[in-house]
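Here is what each chain is made of, one letter per residue.
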Amino acid sequence: MEIRETAPLIDPDASPALSFPITPRFSMGVKLEMGLLRRVNRDLINAKEDDRTRLESSLNLAAQLILPKDILIFVEADLFDERLFQDGKGRTSREIGVQLDRLYLLWEGFLFPFLDLQLGRQRFNDPREWLYDEKLDAVRLFFRKEPFDLELSMSTNLLDPEGPEEEIRNYVVYATYLFGRKEKVSLYGVAQRDPSEEARNPNFFGLMWRGKAIQNQKYWLEIASLSGREGSMRLKGHGIDLGWTSRLDYSLEPSITIGYAFGSGDPDLADSIDKNFQQTGLQDNQGKFNGVTKFKYYGELFDPELSNIMIGTTGIGISPFQKSSLDVVYHYYSQVYRANLLRDVGIKKEPSGRSRDLGHEVDLIFGIKIIRNIQMEIFSAIFIPGKAFPDTDRAFSQEVKVQITF
């Protein structure tokens with residue numbers, strides 16, 4: 001049986017490949033991205049026109065300079081053009097600008113051969129982006145000595161915060177142990193400190209386990225606890241996310257994925273303890289099952305934060321061509337306790353608080369590397385409201401992305 005070539009992960013947030021060596025120590029890279037996102041009926045009421053279309057393009061420029069003593073300087077800037085069309089309001093907005101994505105110094109072998117120091121604006125991301133996927137200004141130390149990795153960091157947004165929530169200071173300890181080549185377990189602690197008067201100071205402690213103990217099988221487990229304070233409220237919550245993917249040795253490489261996620265809720269809103277689990281606010285909740293394309297694994301459209309919610313997920317995937325994947329993913333959403341609010345979701349309608357049934361979503365995700373330097377992604381989603389949204393209609397989204405690396 002022919003085994004298809006597995007394509008590298010399509011990661012739109014990755015820096016451009018440094019394909020243009022100017023000198024032995026200086027190289028550059030260029031990446032062009034274009035995207036179209038159409039969302040229909042996010043307020044779940046067909047009679048009210050609120051559809052939106054976003055057209056965006058960006059040109060990413062990156063450069064790396066290698067200095068003596070294993071020190072390098074990396075910079076990446078993004079020139080973007082974003083246009084937003086809002087149906088029913090007759091409004092069109094456009095934003096053109098330049099954004100600094102990365103600017104850091106990396107000193108490999110700082111003080112000791114197995115210790116690296118990274119200073120400046122850099123990307124923080126974990127494998128499933130459950131904890132964070134954000135570009136932050138940071139001081140970061142990496143201790144790497146197989147089979148053990150340890151990361152210590154202090155980070156915030158110093159250059160361009162858009163609100164007080166982006167000025168929160170993050171203190172992270174992240175340790176990983178590698179069992180052979182296929183098993184990894186990570187333990188972490190994240191303390192966030194809010195310099196504003198609102199004083200949101202949560203603490204997260206968690207474990208992530210991912211592996212491929214059996215051929216063509218992989219699994220993941222995320223567990224985290226929340227403590228700390230938000231104003232006068234004491235925080236006390238917990239969350240879990242687990243799943244399993246099985247790839248079958250047949251033509252088209254079919255795969256099956258099942259997953260379950262739980263974020264605790266609060267049965268008593270009148271006391272001084274908030275038992276709702278919250279994520280860090282830095283998360284993207286994006287990953288892949290067996291394909292080449294990352295997607296929002298809690299739903300491309302509904303896309304909730306894991307707070308007072310249970311999410312059941314089933315996915316089926318194939319590889320129709322070389323360097324491609326097609327996934328069909330189903331989600332069912334239910335509140336842990338009935339409430340008339342949701343935390344950070346992709347729709348604009350609040351639940352009634354009379355039912356825990358939030359609804360269903362079906363996503364279609366397709367990704368392909370057309371040629372070596374051109375890749376395309378297509379995301380389609382339909383959200384079907386449950387009993388928590390009485391007298392409402394379905395919502396839809398469609399997104400197309402094209403990335404060209406020079």
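Given the structure is predicted, the values throughout are model-derived calculations rather than measurements. (Residues numbered from 1 in each chain as written. Predicted model: local features only at pLDDT ≥ 70, side-chain atom pairs only at ≥ 80, totals over all residues. Heavy atoms only, no water.)

Undergrad: I would appreciate a short explanation of the overall build of the protein in the present structure.
TA: When its secondary structure is counted, the protein shows 0 helices and 22 strands. The C-alpha radius of gyration computed for the protein amounts to 22 Å, which stays within 12% of the reference 22 Å derived for 406 residues, consistent with globular compactness. Viewed in the frame of its principal axes, the protein has a C-alpha envelope of about 65 × 50 × 50 Å. The proportion of buried residues among the 406 residues of the protein is 47%. (Helix = DSSP H or I, 4+ residues; strand = E, 2+ residues; numbered from the N terminus. Rg over C-alpha atoms; globule rule 2.2 N^0.38 Å. Buried < 20%, exposed > 50% of the residue type's maximum accessible area, 1.4 Å probe, protein only.)

Undergrad: Looking at this structure, I do not really get the pairing of strand S12 (residues 217-230). What am I missing?
TA: Along a regular strand, successive side chains alternate from one face of the sheet to the other. One ladder, built from 12 bridges, connects strand S11 (residues 200-211) with S12; its direction is antiparallel. Pairing of Leu-207 across the sheet is with Ile-223, part of S12. Where S11 folds back onto S12 in an antiparallel hairpin, the turn is made up of 5 residues, including Asn-216, whose phi is positive at roughly 65°. Note: S12 against strand S13 (residues 233-247), 14 bridges, orientation antiparallel. (Pairing = 2+ DSSP bridges.)

Undergrad: Explain a negative patch on the surface here, please?
TA: A cluster of like negative charges, contributed by Glu-95, Glu-162, Glu-165, Glu-167 and Glu-198, occupies part of the molecular surface. Among the structural elements, Glu-167 can be located in the loop between strand S8 (148-156) and strand S9 (169-179). Look at Glu-167 and you get partly exposed, because its relative accessible area is 36%. (Patch = residues over 30% accessible without salt bridge, like charges linked within 9 Å, V, L, I, M, F, W, Y side chains within 5 Å. Areas by Shrake-Rupley, 256 points an atom, 1.4 Å probe, with all protein chains shown as cover. Salt bridge = Lys/Arg side-chain N within 4 Å of Asp/Glu carboxyl O. Lys, Arg positive; Asp, Glu negative; His and termini not counted. Charge placed at Lys NZ, Arg CZ, Asp CG, Glu CD.)

Undergrad: Teacher, can you tell me more about the pattern of salt bridges here?
TA: Side-chain pairs of opposite charge can arise whenever the charged atoms involved come near each other. Applying the stated rule across the entire model yields 23 salt bridges. Between Arg-102 and Glu-76 there is a salt bridge, with the nearest N and O atoms lying 2.5 Å from each other. Within this pair, whereas Arg-102 is found in strand S5 (residues 91-107), its partner Glu-76 is found in strand S4 (residues 71-86), the two being separated by 26 residues in sequence. Taken as a pair, Arg-102 and Glu-76 share a single burial class, namely buried. One network of salt bridges, in which partners are shared, links Asp-11, Asp-13, Arg-123, Glu-129, Asp-133 and Lys-294.

Undergrad: How do you make sense of a positive patch on the surface when you look at a structure like this?
TA: A cluster of basic residues, Arg-229, Arg-234, Lys-236 and Lys-275, forms a positive patch at the surface. When you line up the elements, Lys-236 lands in strand S13.

Undergrad: Just checking my understanding: could you explain the environment of Met-310 for this structure?
TA: Structurally, Met-310 is set in strand S18 (residues 309-318). Expressed as a C-alpha distance, the spacing of Met-310 and Asn-216, which sit 94 residues apart in the sequence, is 28 Å. If we skip the residues at most four places from it in the chain, Met-310 touches Tyr-260, Ala-261, Phe-262, Tyr-332, Tyr-333, Ser-334, Gln-335, Val-336 and Arg-356. (Contact = heavy atoms within 4.5 Å.)

Undergrad: Got a minute to help me understand the side chain of Glu-305 in this structure?
TA: In this fold, Glu-305 is placed in the loop between strand S17 (295-296) and S18. Among the polar contacts listed, one links the side chain of Glu-305 to the backbone nitrogen of Gln-279, at a separation of 2.7 Å. Each residue touching Glu-305, except ones within four places of it in the same chain, is listed here: Gln-278, Gln-279, Gln-283, Arg-343 and Asp-344. (Polar contact = N/O pair within 3.5 Å; in protein donor to acceptor, adjacent residues only side chain to side chain.)

Undergrad: When you look at unusual backbone geometry in this model, what are you seeing that I'm missing?
TA: The phi angle of most residues is negative, glycine excepted, and most peptide bonds adopt the trans form. The peptide bond linking Glu-146 to Pro-147 adopts the cis configuration, its omega dihedral lying at 10°. Structurally, Pro-147 is set in the loop between strand S7 (133-145) and S8. The phi angle at Asn-41 is positive, at roughly 65°, despite the residue not being glycine. Its place among the elements puts Asn-41 in the loop between strand S2 (26-40) and strand S3 (52-67). The phi angle at Glu-129 is positive, at roughly 55°, despite the residue not being glycine.

Undergrad: Please explain a nonpolar patch on the surface as it appears in this structure.
TA: Nonpolar side chains collect at one region of the surface, where Trp-244, Leu-248, Tyr-250, Ile-256 and Ile-258 lie side by side and expose about 470 Å² of accessible area between them. Mapping Ile-256 onto the fold places it in strand S14 (residues 255-263). On the basis of relative accessibility, which here comes to 39%, the residue Ile-256 falls in the partly exposed class.

Undergrad: Whenever I open this one, the nonpolar core confuses me. Can you help?
TA: Nonpolar side chains tend to gather and get buried jointly when the protein is soluble and globular. If you look at the biggest cluster of nonpolar residues, it comprises 41 residues, and the most contacted ones within it are Trp-130, Phe-302, Leu-306, Leu-358, Phe-383 and Phe-389. In this structure Leu-306 touches Trp-130, Ile-240, Ala-261, Phe-262, Gly-263, Phe-277, Gln-278, Gln-279, Tyr-298 and Ile-311, once residues within four positions along its chain are discounted. Ranked by size, the runner-up nonpolar core spans 5 residues in total, among them Ala-62, Leu-72, Phe-74 and Tyr-104. (Core = buried A, V, L, I, M, F, W, Y, C linked by side-chain atoms within 4.5 Å.)

Undergrad: What's the story with the packing of aromatic side chains in this structure? I'm lost.
TA: What describes a pair of aromatic rings is the distance from one ring centre to the other and the angle between the planes of the rings. Overall, the coordinates contain 17 aromatic pairs when judged by the stated rule. Seen in terms of ring centroids, Phe-143 and Phe-148 are 6.2 Å apart; in terms of plane orientation they differ by 65°. Their pairing is edge-to-face. Aromatic pair Trp-220 and Phe-289: ring centres 6.1 Å apart, planes at 10°, arrangement stacked. Of this pair, Trp-220 sits in strand S12 while Phe-289 sits in the loop between strand S16 (286-287) and S17, placing them 69 residues apart in sequence. Aromatic ring contacts, followed pair by pair, group Phe-112, Phe-114, Phe-143 and Phe-148 into a single cluster. Positioned above the aromatic ring of Tyr-297, the side-chain terminus of Arg-128 is 4.1 Å from the ring centre. Looking at Arg-140, its charged tip hangs above the ring of Phe-124, at a distance of 3.8 Å from the centre. (Phe/Tyr/Trp six-rings, centres within 6.5 Å; stacked < 30°, edge-to-face > 60°. Lys NZ or Arg CZ within 6 Å of the ring centre and 35° of its normal.)

Shape is all these values report; function is a separate question.
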